[in-house]
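# Geometric and topological summary
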Amino acid sequence: MEGLKIPRHIGFIMDGNGRWAKQRKQPRNFGHIHGSNRIDEVVTACLDLGVECVSLYAFSTENWQRPKEEVDKICDILHKFLNQYAKKLIGNKIRLQISGDYTKFPKKIINLIEKRLEETKHFENRTLNIAINYGSKQEIVSAVNKLIESGKTCVTESDFASALYTANLPDIDLVVRTSGEQRVSNFFLWQIAYAELYFTPVLWPDFDKNELLKAIEWYSNRDRRYGKV
Ligand code: FPP
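### Details of the overall build of the chain
Counting its secondary structure elements, the chain contains seven helices and six strands. Counting from the amino terminus, helix and strand elements in the chain follow one another as β-α-α-β-α-β-α-β-α-α-β-β-α. The C-alpha atoms of the chain give 17 Å as radius of gyration, which agrees with the globular expectation for 229 residues (17 Å, within 12%). Oriented by its inertia axes, the alpha-carbon framework of the chain measures out at about 55 × 45 × 35 Å.

Printed below as a string of structure tokens:
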């Protein structure tokens, strides 16, 4: 623990739920349930270590193409999570933020999201940012359109960053992707410009506090030069 450099913002690409379930001869949704049960431990451990913001990739714009049964189950899990985890968010003074167009989800999820956003909006120091119906290219294009609509003809990096879902958040310092895939899959492309990328073969439902510490130890040994020597 000593000498650990703590990232301000960690992004998790929670991959491998389907394979985890398959290894156990269970339907994919079994993996999503176990995957969602991991979130509390990992997010709590991050915040306890002093991470200010945790971003989770829960549902991409491409995930709508999965079978309806799987999409419906992920919606149920999300609903349950927002229902139960909320008390903790409030108790621990964590602000909930959503990146992505959540209005495409069923009404009961939209209502719950809006309730949680309202209940936690005054918390300033720690944020749980959940990416749902999120795609980075879509976010970038919609930021450009927002800036054009506002009448701008020339923008700065700061103007651009302000038009993203993450306007108020620091850039992502560390991306953790589970399950051995080495891709960024349309995850906060602007915000990860200087992030360290940590890939682990561990499947998301097996990713625990211990695995998180390994990722942060690895990050602590990186030499972040931001283009300098
Ligand atoms: C990737 O595994 C996982 C997803 C696309 C969904 C992640 C969703 C959850 C963990 C639950 C809901 C989220 C919250 C915030 C409560 P995969 O299905 O692509 O696995 P595979 O690559 O092994 O098939």
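Additional details are given in the paragraphs that follow.
### Quick look at the pairing of strand E1 (residues 9-13)
Among the five residues of E1, five are classified as buried, and the element is accordingly described as predominantly covered. Residues of E1 alternate between two faces, with His-9, Gly-11 and Ile-13 on one and Ile-10 and Phe-12 on the opposite face, all of them buried. Two strands pair when backbone bridges link them, and E1 and strand E2 (residues 53-60) are joined in this way by five bridges, in the parallel orientation. Considered in E2, the bridge of Phe-12 is made with Leu-56. Both E1 and strand E5 (residues 174-177) contribute to a ladder of four bridges, which runs parallel. Bridged to Gly-11 within E5 is Val-175.

### Concerning the site of the ligand
As a structural note, the neighbourhood of the ligand is formed by 16 residues, with Asp-15, Gly-18, Arg-19, Arg-28 and Arg-66 the closest of them. Gly-16 is positioned such that a nitrogen or oxygen atom in its backbone is 3.4 Å from an oxygen atom of the ligand. Take Arg-66: an N or O atom from its side chain is 2.8 Å from an oxygen atom of the ligand. For the ligand, whose free accessible area comes to 630 Å², the fraction covered by protein is 92%. Classifying every residue of the shell around the ligand gives six nonpolar, six polar and four charged.

### Notes on the nonpolar core
Formed by 46 residues in total, the largest nonpolar core has its most connected members in Ile-10, Phe-12, Val-54, Leu-128, Ile-132 and Leu-212. The greatest single-element share of this core, amounting to eight residues, is contributed by helix H3 (residues 68-91). For Val-54, the residues in contact, after removing those within four places along its chain, are His-9, Ile-10, Phe-12, Val-43, Cys-46, Leu-47, Thr-127, Leu-128 and Asn-129. Core analysis: the second largest hydrophobic core is formed by 10 residues, Ala-131, Val-175, Phe-188 and Ile-192 among them.

### What about the state of the cysteines?
Summed over all chains, the structure comprises zero disulfides. With no disulfide of its own, Cys-53 has Cys-46 as its nearest cysteine by sulfur position, at a separation of 9.9 Å.

### Notes on the packing of aromatic side chains
Following the criterion strictly, the structure yields 15 aromatic pairs and no others. Judged by centre distance (4.4 Å) and plane angle (35 degrees), the ring pair of Tyr-134 and Phe-188 falls under tilted. Within this pair, whereas Tyr-134 is found in strand E4 (residues 126-134), its partner Phe-188 is found in the loop between E5 and strand E6 (196-199), the two being separated by 54 residues in sequence. Here Tyr-134 matches Phe-188 in class, with each residue buried. Aromatic pair Tyr-198 and Trp-218: ring centres 5.3 Å apart, planes at 55 degrees, arrangement tilted. In this pair, Tyr-198 sits in strand E6 while Trp-218 sits in helix H7 (residues 209-220), placing the two residues 20 residues apart along the sequence. Members of the aromatic cluster, each reached through a chain of ring pairs, are Tyr-57, Tyr-134, Tyr-165, Phe-187 and Phe-188. Sitting above the plane of the Trp-20 ring, Arg-24 keeps its charged end 3.9 Å from the centroid.

### A few points about the sheet that holds E4
With parallel pairing, six strands are arranged side by side in an open sheet as E3-E4-E2-E1-E5-E6. Only two strands of the sheet have a single partner each, and these edge strands are strand E3 (94-99) and E6. Mean inter-strand twist for the sheet, computed between neighbouring axes without regard to direction, equals 20 degrees. Along the sheet, helix H4 (residues 107-120) contacts E3 and E4; its crossing angle with E3, the most-contacted strand, is approximately 140 degrees. H7 rests against E1, E5 and E6 of the sheet, and its axis sits at about 140 degrees to E6.

Calculation criteria
Residues numbered from 1 in each chain as written. Predicted model: local features only at pLDDT ≥ 70, side-chain atom pairs only at ≥ 80, totals over all residues. Heavy atoms only, no water. Helix = DSSP H or I, 4+ residues; strand = E, 2+ residues; numbered from the N terminus. Rg over C-alpha atoms; globule rule 2.2 N^0.38 Å. Buried < 20%, exposed > 50% of the residue type's maximum accessible area, 1.4 Å probe, protein only. Pairing = 2+ DSSP bridges. Near = heavy atom within 4 Å. Polar contact = N/O pair within 3.5 Å; in protein donor to acceptor, adjacent residues only side chain to side chain. Areas by Shrake-Rupley, 256 points an atom, 1.4 Å probe, with all protein chains shown as cover. Nonpolar A, V, L, I, M, F, W, Y, C, P; charged D, E, K, R; others polar. Core = buried A, V, L, I, M, F, W, Y, C linked by side-chain atoms within 4.5 Å. Contact = heavy atoms within 4.5 Å. Disulfide = S-S within 2.5 Å. Phe/Tyr/Trp six-rings, centres within 6.5 Å; stacked < 30°, edge-to-face > 60°. Lys NZ or Arg CZ within 6 Å of the ring centre and 35° of its normal. Axes fitted to C-alpha atoms, helices over the stretch in contact; angles between N-to-C directions.

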